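Observations on chain architecture
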Amino acid sequence: MYPNISFRKAYDMLRNRYTNESANKYYIELLYLAKMYSESEVTTALDKLLKDKVVPKSHLVTPHLIQEVKIPDVQVDQPDLEEYNQLLGVQK
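Residues numbered from 1 in each chain as written. Predicted model: local features only at pLDDT ≥ 70, side-chain atom pairs only at ≥ 80, totals over all residues. Heavy atoms only, no water.

Next up on the list: the overall build of the protein chain. Each helix and strand counted, the protein chain has five helices and zero strands in total. For the protein chain, the succession of helices and strands along the chain, N to C, is α-α-α-α-α. Taken over the C-alpha trace, the protein chain has a radius of gyration of 24 Å; the compact-globule value for 92 residues is 12 Å, which it surpasses by more than 25%. Based on the C-alpha atoms only, the size of the protein chain along its principal axes is roughly 80 × 25 × 20 Å. (Helix = DSSP H or I, 4+ residues; strand = E, 2+ residues; numbered from the N terminus. Rg over C-alpha atoms; globule rule 2.2 N^0.38 Å.)

Listed below in structure tokens is the structure:
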């Protein structure tokens, strides 16, 4: 239920501030962010908020997460199939 101590501290802070039902809802949102981004990114964001004694709700964590994944341009050259024929000893 708690991927690491930061998530546990976040849950405890939520429980101290909100009802059990609301705290559970907000905590599930944090777990969802960890699934969608990464546990380590969410942990870093939680640590910042907890250090500042800010109740860690998802809308406060999200700005600390990487929002855009950059996909590099990849160029794949077409292989020369004649080289494979030579390996197999195929004659034209």
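After that view of the structure, there is still more to cover.
Turning our attention to the packing of helix H2 (residues 20-36) against helix H3 (residues 39-51). The geometry of H2 relative to H3 is characterised by a closest axis approach of 7 Å and an angle of 135° between their N-to-C directions. Considering the angle they form, H2 stands oblique to H3. Contact residues: Leu30, Leu33 and Ala34 in H2; Glu39, Val42 and Leu46 in H3. In terms of residue class, the contact of H2 with H3 is built from five nonpolar, no polar and one charged. (Axes fitted to C-alpha atoms, helices over the stretch in contact; angles between N-to-C directions. Parallel < 35°, antiparallel > 145°, perpendicular 65-115°, else oblique. Contact = heavy atoms within 4.5 Å. Nonpolar A, V, L, I, M, F, W, Y, C, P; charged D, E, K, R; others polar.)

Spanning 13 residues, helix H1 (residues 5-17) covers 19 Å between terminal C-alpha atoms, matching the ideal 18 Å at 1.5 Å per step. Of the residues making up H1, those classed as buried are Ser6, Phe7, Ala10, Tyr11 and Leu14. Burial along H1 is one-sided: seen end-on, the buried residues are contained in an arc of 135°. Facing away from the buried side of H1 by more than 90 degrees, the exposed set consists of Ile5 and Asn16. Along its buried surface, H1 packs onto H2 and H3. Its side-chain oxygen placed 3.0 Å from the backbone nitrogen of Ser6, Asn4 serves as the N-cap of H1. (Expected span 1.5 Å × (residues − 1). Buried < 20%, exposed > 50% of the residue type's maximum accessible area, 1.4 Å probe, protein only. Arc of directions from axis to C-beta. Polar contact = N/O pair within 3.5 Å; in protein donor to acceptor, adjacent residues only side chain to side chain.)

Glancing now at unusual backbone geometry. With a phi close to 60°, Lys53 is a non-glycine residue in the positive phi region. Mapped onto the elements of the fold, Lys53 is located in the loop between H3 and helix H4 (58-61). A residue is classified by how much of its surface remains accessible, and Lys53, at 69% relative accessible area, is exposed.

So, on to the packing of aromatic side chains. Enumeration over the complete set of coordinates arrives at five aromatic pairs. Between Phe7 and Tyr27, the ring centres sit 6.4 Å apart and the planes meet at 85°, which makes this aromatic pair edge-to-face. Of the two residues, Phe7 is situated in helix H1 and Tyr27 in helix H2; the sequence distance between them amounts to 20 residues. A single burial state applies to Phe7 and to Tyr27, both of which are buried. Relative to Tyr27, the ring of Tyr11 lies with its centre 5.1 Å away and its plane at 65°, an arrangement referred to as edge-to-face. You can see Tyr11 sitting in helix H1 and its partner Tyr27 sitting in helix H2, a full 16 residues away along the chain. With relative accessibility at 7%, the residue Tyr11 sits in the buried group. Members of the aromatic cluster, connected to one another through ring pairs, are Tyr2, Phe7, Tyr11 and Tyr27. (Phe/Tyr/Trp six-rings, centres within 6.5 Å; stacked < 30°, edge-to-face > 60°.)

By themselves, these are just geometric observations and shouldn't be taken as functional.
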